[in-house]
Amino acid sequence: MALIRRRKPIEPSKTSVQREEEEEEEDNSKNKHPKKSYKNSTPKWSCLDNCCWFVGCICVTWWVLLFLYNVMPASFPQYVTEAITGPLPDPPGVKLRKEGLKAKHPVVFVPGIVTGGLELWEGHQCADGLFRKRLWGGAFGEVYRRPLCWVEHMSLDNETGLDPPGIRVRPVCGLVAADYFAPGYFVWAVLIANLARIGYEEKTMYMASYDWRLSFQNTEVRDQTLSRIKSNIELMVSTNGGNKAVIIPHSMGALYFLHFMKWVEAPAPMGGGGGPDWCAKHIKAVMNIGGPFLGVPKAVSGLFSAEAKDIAVARAIAPGVLDKDLFGFQTMQHIMRMSRTWDSTMSMIPKGGATIWGDLDWSPEEGYVPSKRKQKNTDTQEASQDGLKSNISQIKRTNYGRIISFGKDVAEALSSDIERIDFRDAVKGQSVANTSCRDVWTEYHDMGFGGIKAVAEYKVYTAGSILDLLHFVAPKMMERGSAHFSYGIADDLDNPKYQHYKYWSNPLETKLPNAPEMEIFSLYGVGIPTERSYVYKLSPSAECAIPFQIDSSADEQYEDSCLKGGVYTVDGDETVPVLSSGFMCAKGWRGKTRFNPSGSQMFIREYDHSPPTNLLEGRGTQSGAHVDIMGNFALIEDIMRVAAGATGEELGGDQVYSDIFKWSVKIHLQL
């Protein structure tokens, strides 16, 4: 049959001798052609493999954390925190609602520099698709998508200080303008949420957003912002039973509102025409948070070399990225070019000269010791006292009045030993610096190597000579700034020249409004090292670099040193020194003085910094840092009590942890 297959014949079974012979032949063939063994060999990874592995790990970690975050109960962080630190206190809004407090006075928020959102209304071709999208604030997506286009649209005109041709960037309106700076990073949001718990809503809260890049008077010229603030305050007071407004400026917003109070009284067209009693009729209290009334040294380093302590630290960690400008990004030059067009930054140059900030041999804070504050209320043993005395003897020689010193030896030397060559008459442009980098033009391009050398040879700059320095290195910027801001001390406040708006944001050259019932608070954090003066050096980098930089190698050896990474620090909130935040309320405005002729009451409320105990606390509820203080429960409670009708005396008057009153006594200012 065809379907039946024939079986293969069965081979006879092999004998044991035959099997042994076959095995020997197999072994011999293996020895002749050995197979490659992969058991002990290690694969070679390329750079691409490493990069892919690294990116994959980050992505997996991110997705795992995101998954855990979404499935985690909302109460879990609070549960863990309470397990570690004990029960959390009620938020101020909950606590005060239990006490029966209710919304009474309308509240106006005045944001500071960089915290208010800005959006695009008109731009160049590179900004297509960004109409009414945030260029500043929010996710900052355009910074890394199209960085040069972003810099172009965030810069102002270098001649006028207003919009460049074909570009219109405007402030975001409403509470959303500054509730969050970026996703998850609150500014005003916590305060707004707590006020809402006692009955506040959008009709009783107003965010006085403005374009913080502009000079203060130019916000009125371009956007009529000052007029809008005036109208909104009048409306809120009239619709809330005549209850006066509580104004809450933060950071540079304190200077902006000081300018507003003079503008609103001044006659038109320069002012708002409200008359000399406008503030008395409409304002109950001004509660300044972290106000840089007398300026900040940080503004000097920012304008001089586009850096501060954080940049100096980054340079020390990764010097190649900033010093050699890897990949040709010229990041620092772009930052300088952009920020030097923002006239508002010049409002925070230190005011009052040597009288306030000290000179080569003197400063109000001399003898400041960081550990002294920590040990103020504790008993120390003899050994630690001896160490402290040794530190004090060294720190007493620190001259904070030398805001910029070229070299640590110059910062520490006796003034009689410093040989200086005046830079003011130096000839610029003998040989042009930065010739190959004109695509990122800064005013250093026009100085030449001769001008740069002259700046370094002057060696040390105090608050009195800082203005001359900035006029020398950035004449175009300072020409605009000098038309809008002033930094001196008035001899005679009745002189008609002080009616000009350039003096209105300087508390040493203007009078407070005639409003004896209006209270002024200075609320700020203490206990954090804050930039006061700098050790500089000439940049060793290529000619494209900014020619000056903070010398991050300048350090002191002992633990409680005030010099770290080329920066001398004093007590403050990490941005504004105590001297700037507190002096006017401690002395300049306290009682009836020529700066406060009606005798408005002053209160200082300091908040000692206490960092969060664990990561789940976020930025903490007891922080004294310049922005994080906006979530400080004690500060929020003070503001809410005043908004609900309390006075400064009912809050407990002054609350002081620093040496502000002691330092104020050392400042000899005619009152």
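Residues numbered from 1 in each chain as written. Predicted model: local features only at pLDDT ≥ 70, side-chain atom pairs only at ≥ 80, totals over all residues. Heavy atoms only, no water.

- The protein is annotated in an unreviewed UniProt entry as phospholipid:diacylglycerol acyltransferase of Salix dunnii.
- You can read under Subcellular location (unreviewed entry) in the UniProt record for the protein the words "Membrane".
- UniProt's Catalytic activity (unreviewed entry) comment on the protein is quoted here verbatim: "a glycerophospholipid + a 1,2-diacyl-sn-glycerol = a monoacylglycerophospholipid + a triacyl-sn-glycerol". (UniProt positions renumbered as here; feature names shortened; annotations may be inferred.)

## Here's the deal with the overall build of the protein
Working step 1: When its secondary structure is counted, the protein shows 26 helices and 17 strands.
Working step 2: By residue count, 52% of the 671 residues in the protein fall in the buried class.
Working step 3: Contacts in the protein between residues far apart in sequence, at least 24 positions, make up 75% of those at least 6 positions apart.
Working step 4: Total accessible area on the protein stands at roughly 32,200 Å², and carbon and sulfur atoms take up 56% of it. (Helix = DSSP H or I, 4+ residues; strand = E, 2+ residues; numbered from the N terminus. Buried < 20%, exposed > 50% of the residue type's maximum accessible area, 1.4 Å probe, protein only. Contact = heavy atoms within 4.5 Å. Areas by Shrake-Rupley, 256 points an atom, 1.4 Å probe, with all protein chains shown as cover.)

## Some details on the sheet that holds strand β3 (residues 134-136)
Working step 1: If you trace the three strands from one edge of the open sheet to the other, you get β3-β2-β4, paired in antiparallel fashion. The sheet terminates laterally at β3 and β4 (168-171), the two strands that pair on one side only. Neighbour-to-neighbour, the strand axes of this sheet turn through a mean angle of 45°, independent of strand direction.
Working step 2: Where strand β2 (residues 118-122) and β3 come together, two bridges link them in antiparallel fashion. Counted as the bridge partner of E119 is R134 from β3. (Pairing = 2+ DSSP bridges. Axes fitted to C-alpha atoms, helices over the stretch in contact; angles between N-to-C directions.)

## Digging into the environment of K102
Working step 1: Among the structural elements, K102 can be located in the loop between α4 (92-98) and β1 (107-110).
Working step 2: What K102 contacts, discounting residues up to four positions off in sequence, is I198 and A644.

## As for unusual backbone geometry
Working step 1: Cis peptide bonds are those with omega within 30 degrees of zero, and the linkage from A268 to P269 qualifies with 5°.
Working step 2: Mapped onto the secondary structure, P269 falls in the loop between α10 (253-265) and α11 (278-282).
Working step 3: For V114, which is not glycine, the phi torsion reads 65° and is therefore positive.
Working step 4: The residue V114 is located in the loop between β1 and β2 in this model.
Working step 5: Of the residues examined, V114 reaches a relative accessible area of 28% and is grouped as partly exposed.
Working step 6: The phi torsion at K459 lies on the positive side, around 75°, for a residue other than glycine.
Working step 7: As for its position among the elements, K459 is in the loop between α20 (448-458) and β11 (460-461).

## Topic: the pattern of salt bridges
Opposite charge on two side chains makes pairing possible when the charged atoms of those side chains draw close.
Working step 1: If you walk through the whole model with that rule in mind, you get 27 salt bridges.
Working step 2: Across the pair D277 and K281 runs a salt bridge, and its minimum N-O distance is 3.2 Å.
Working step 3: Judged by its relative accessible area of 34%, D277 falls in the partly exposed class.
Working step 4: E556 is the salt-bridge partner of K408, the closest N and O atoms lying 3.7 Å from each other. Separated by 148 residues along the polypeptide, K408 in helix α19 (residues 408-412) and E556 in the loop between β14 (548-550) and β15 (563-564) bring together distant segments of the chain.
Working step 5: Using a relative accessible area of 26% as the deciding quantity, one classes K408 as partly exposed.
Working step 6: Each of D163, R170, D211, R213, R222 and D223 takes part in a single network of salt bridges with overlapping partners. (Salt bridge = Lys/Arg side-chain N within 4 Å of Asp/Glu carboxyl O.)

## Regarding helix α22 (residues 475-482)
Working step 1: When we look at burial in α22, the residues that qualify are M477, M478, R480 and G481. On an axial view of α22, the arc spanned by its buried residues comes to 155°, and they lie on one face.
Working step 2: Residues of α22 that are buried make contact with α12 (297-305) and α21 (463-473). (Arc of directions from axis to C-beta.)

## Some remarks on the state of the cysteines
Working step 1: The final tally for this structure, using the stated rule, is one disulfide.
Working step 2: One disulfide in the model links C126 with C149; its S-S distance is 2.1 Å. Its S-S torsion of approximately 80° makes the covalent link between C126 and C149 right-handed. In this pair, C126 sits in the loop between β2 and β3 while C149 sits in helix α6 (residues 147-154), placing the two residues 23 residues apart along the sequence.
Working step 3: A residue is classified by how much of its surface remains accessible, and C149, at 8% relative accessible area, is buried.
Working step 4: As a non-bridged cysteine, C57 has C59 as the owner of its nearest cysteine sulfur, 9.4 Å distant. (Disulfide = S-S within 2.5 Å.)

## Points about the pairing of strand β9 (residues 283-289)
Working step 1: Taking burial as the measure, the seven residues of β9 include seven buried ones, the bulk of the element.
Working step 2: By the bridge criterion, three bridges tie strand β8 (residues 245-249) to β9 in an arrangement that is parallel. Residue A245 lies in a different strand from β9, and its bridge partner there is I283.

## Observations concerning the sheet that holds β8
Working step 1: Taken together, six strands build an open sheet; the order of strands is β7-β1-β8-β9-β12-β17 and the sheet is parallel. With partners counted over all chains shown, the strands left at the sheet margins are β7 (205-207) and β17 (601-608), one partner each. Ignoring strand direction, the axes of neighbouring strands in this sheet form an average angle of 15°.
Working step 2: Summarising the sheet, β1 and β8 pair through four bridges and their orientation is parallel. Within β8, the residue paired with V110 across the bridge is P249.
Working step 3: Most of the contacts of helix α9 (residues 225-238) go to β7, to which it runs at about 175°, and overall it touches β1, β7 and β8.

## Observations concerning a nonpolar patch on the surface
Working step 1: There is a patch of nonpolar side chains on the surface, built from V60, V64, L65, F67 and L68 and spanning about 500 Å² of accessible area.
Working step 2: With respect to the element layout, L68 can be found in helix α2 (residues 47-71).
Working step 3: Take L68: its relative accessible area is 45%, and that puts it in the partly exposed class. (Patch = residues over 30% accessible without salt bridge, like charges linked within 9 Å, V, L, I, M, F, W, Y side chains within 5 Å.)

## Description of the packing of aromatic side chains
Working step 1: Scanning all chains against the criterion turns up 30 aromatic pairs.
Working step 2: Judged by centre distance (5.3 Å) and plane angle (80°), the rings of W136 and F140 are edge-to-face.
Working step 3: What makes W136 buried here is its relative accessible area of 11%.
Working step 4: Assessed through its relative accessible area of 18%, F140 is described here as buried.
Working step 5: Here F521 and F603 contribute two aromatic rings whose centre-to-centre distance is 5.2 Å and whose plane-to-plane angle is 25°, an arrangement assigned as stacked. Within this pair, whereas F521 is found in strand β12 (residues 519-526), its partner F603 is found in strand β17, the two being separated by 82 residues in sequence. The same class applies to F521 as to F603, namely buried. (Phe/Tyr/Trp six-rings, centres within 6.5 Å; stacked < 30°, edge-to-face > 60°.)

## Observations concerning the environment of W278
Working step 1: You can see W278 is positioned in helix α11.
Working step 2: Each residue touching W278, except ones within four places of it in the same chain, is listed here: K230, I233, E234, F260, V264 and I283.

## Here we look at the packing of helix α7 (residues 189-196) against helix α24 (residues 633-643)
Working step 1: Their axes nearest at 10 Å, the elements α7 and α24 cross at an angle of 45°. Between α7 and α24, the angle falls in the class oblique. In terms of crossing hand, the pair formed by α7 and α24 is right-handed. Residues V190, L191, N194 and L195 of α7 lie in contact with α24, whose contacting residues are I636, I639 and M640.
Working step 2: Here the residues of the contact of α7 with α24 are counted per class, giving six nonpolar, one polar and no charged. (Parallel < 35°, antiparallel > 145°, perpendicular 65-115°, else oblique. Left-handed = near helix turned anticlockwise from the far one by under 90°. Nonpolar A, V, L, I, M, F, W, Y, C, P; charged D, E, K, R; others polar.)

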